[in-house]
Amino acid sequence: MADLPDYMRIDEALSHTDSDFNGAAAHGLLCGMVVAKREVELGSWLLKVLAECDSADASVKQAGVAVADLFEVTLSQLNDCTAGFYVFLPDDDSQGLLQRTSALGSWLRAFSLGLVEGGLKQETELPDDTADLLRDFQEFARLELITSDEVDEGREIGRAHV
């Protein structure tokens, strides 16, 4: 089985477009759509990831090619019950904890969106453990991140009170 493509390459390609998705969010959307719908076509997923983009723009075309790799590898992982599944996030070496946590939040929010885009309805009866997991995903996705600037500001306020 092929490895997931390089996160920074995909994220960079998407950042040069008008897409609302980063690499993690694009992957989360795809995973949610596949879980809800089972079969997802590359074109329908790309239309959602690159929805606000000018398809004639060279950077949009490059992003489409880059994320097509992600699509193929992800489907391969999800369809092979013996293979491991990996959430598409920046690796430990390339990004700090805040960036990785932010990417995880993006993945979780997009996964929920993918479930809806894939046809999962609010009233759908789910096994208890699945419903609990989805609620947990939604709670984790809502967590607010404290940026390093806010941490520094908090230290300054703390010092001022001492």
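Fair warning: this is a prediction, and the values are worked out from it, not measured in the lab. By convention here, each chain's residues receive numbers from 1 onward along its written sequence. pLDDT decides what is reported in this predicted model: residues at 70 or higher carry local features, side-chain atom pairs at 80 or more are listed and counted, and totals for whole chains, interfaces and linings draw on all residues regardless. Only hydrogens and water are set aside when side-chain values are computed; all heavy atoms of the structure are taken into account.

1. Quick notes on the nonpolar core
Note the threshold: Definition used in this section: a nonpolar core is a set of buried Ala, Val, Leu, Ile, Met, Phe, Trp, Tyr and Cys residues joined via side-chain atoms within 4.5 Å. When accessible area is computed with a 1.4 Å probe and restricted to protein chains, residues below 20% of their type maximum are described as buried, those above 50% as exposed, and intermediate ones as partly exposed. Working definition: helices are DSSP H or I runs of at least four residues, strands are E runs of at least two. Numbering for both runs from the N terminus. A contact between two residues is defined here by any heavy atoms of the two lying within 4.5 Å.
The biggest cluster of nonpolar side chains holds 38 residues, and the ones touching the most others in it are Leu-14, Trp-45, Val-49 and Leu-50. Among the elements of the structure, helix H1 (7-15), helix H2 (23-37), helix H3 (42-49), helix H4 (58-79), helix H5 (97-117) and helix H6 (128-142) are those that each provide at least two residues to this core. Ignoring anything within four residues of it in the chain, the contact list for Leu-50 reads Leu-14, Thr-17, Ser-19, Val-60, Ala-63 and Gly-64.

2. Quick look at a nonpolar patch on the surface
Condition: In this scheme, patches are assembled from residues that exceed 30% relative accessible area and form no salt bridge. Like charges are connected within 9 Å, while nonpolar side chains (Val, Leu, Ile, Met, Phe, Trp, Tyr) are connected within 5 Å. Only the protein chains shown count as covering a residue, and every accessible area follows the Shrake-Rupley method with a 1.4 Å probe. By salt bridge we mean one thing: a side-chain nitrogen of Lys or Arg within 4 Å of a carboxyl oxygen of Asp or Glu.
On the surface, Leu-78, Phe-85, Val-87 and Leu-104 cluster together into a nonpolar patch covering about 270 Å² of accessible area. Following the sequence through the fold, Leu-104 ends up in helix H5. Residue classification places Leu-104 among the partly exposed positions, given a relative accessible area of 36%.

3. Some points on the side chain of Thr-74
By the element assignment, Thr-74 lies in helix H4. Non-local contacts of Thr-74, meaning those with residues more than four positions away in its chain, are made with Leu-4, His-27, Leu-30 and Cys-31.

4. Some remarks on the confidence of the model for the protein
In regions of low pLDDT, the predicted coordinates are not meant to be interpreted in detail. Test applied: The pLDDT value expresses, per residue, how confident the predictor is, ranging between 0 and 100.
Of the residues in the protein, 87% reach a pLDDT of 70 or more, and the chain-wide mean stands at 83. Across the protein, H2 holds the top mean pLDDT of 94, while helix H7 (residues 148-161) sits lowest at 49. For the stretch residues 156-162, pLDDT sits under 50, and the model shows zero contacts to residues farther than four places along the chain or on other chains.

5. Concerning the packing of H1 against H4
How we decide: Orientation is described by axes fitted as lines to C-alpha atoms, over the contacting stretch for helices, and by angles from 0 to 180 degrees between their N-to-C directions. In these notes the angle categories are as follows: under 35 degrees is roughly parallel, over 145 is roughly antiparallel, 65 to 115 is roughly perpendicular, and the rest is oblique. Note on convention: the crossing is left-handed when the near helix lies turned anticlockwise from the far helix by less than a right angle, right-handed when the turn is clockwise. Note on residue classes: Ala, Val, Leu, Ile, Met, Phe, Trp, Tyr, Cys and Pro are nonpolar, Asp, Glu, Lys and Arg are charged, and everything else, Gly too, is polar.
Viewed as axis vectors pointing N to C, H1 and H4 meet at an angle of 150°, and their least axial separation amounts to 8 Å. When the axis of H1 is compared with that of H4, the two are roughly antiparallel. Considering how the two elements wind past one another, H1 and H4 form a crossing that is left-handed. Contact residues: H1 offers Arg-9, Ile-10, Ala-13 and Leu-14, while H4 offers Ser-59, Ala-63, Ala-66, Val-67, Asp-69 and Leu-70. Of the residues assigned to the contact of H1 with H4, the class counts are seven nonpolar, one polar and two charged.

6. Quick notes on the packing of aromatic side chains
The following threshold applies: Paired rings are identified among Phe, Tyr and Trp, the last through its six-membered ring, by centres lying within 6.5 Å, and are further divided according to the angle between planes into stacked (under 30 degrees), edge-to-face (over 60) and tilted (the rest).
If you walk through the whole model with that rule in mind, you get five aromatic pairs. An angle of 50° between the planes, with centres 4.9 Å apart, marks the rings of Tyr-7 and Phe-88 as tilted. Highlighted residues: Tyr-7 in helix H1 and Phe-88 in the loop between H4 and H5, separated in sequence by 81 residues. In this structure, Tyr-7 and Phe-88 share a single accessibility class: buried.

7. Focus on unusual backbone geometry
Non-glycine residue Arg-38 carries a positive phi angle of around 75°. Tracing the backbone shows Arg-38 in the loop between H2 and H3.

8. A few points about the packing of H5 against H6
Direction vectors running N to C along H5 and H6 enclose 135°, while the axes themselves pass 8 Å from each other. The angle between H5 and H6 falls in the class oblique. Crossing of H5 over H6 shows left-handed handedness. Contacts from Gly-105, Trp-107, Leu-108, Arg-109, Phe-111, Ser-112 and Leu-115 in H5 reach Leu-134, Phe-137, Gln-138, Phe-140 and Ala-141 in H6.

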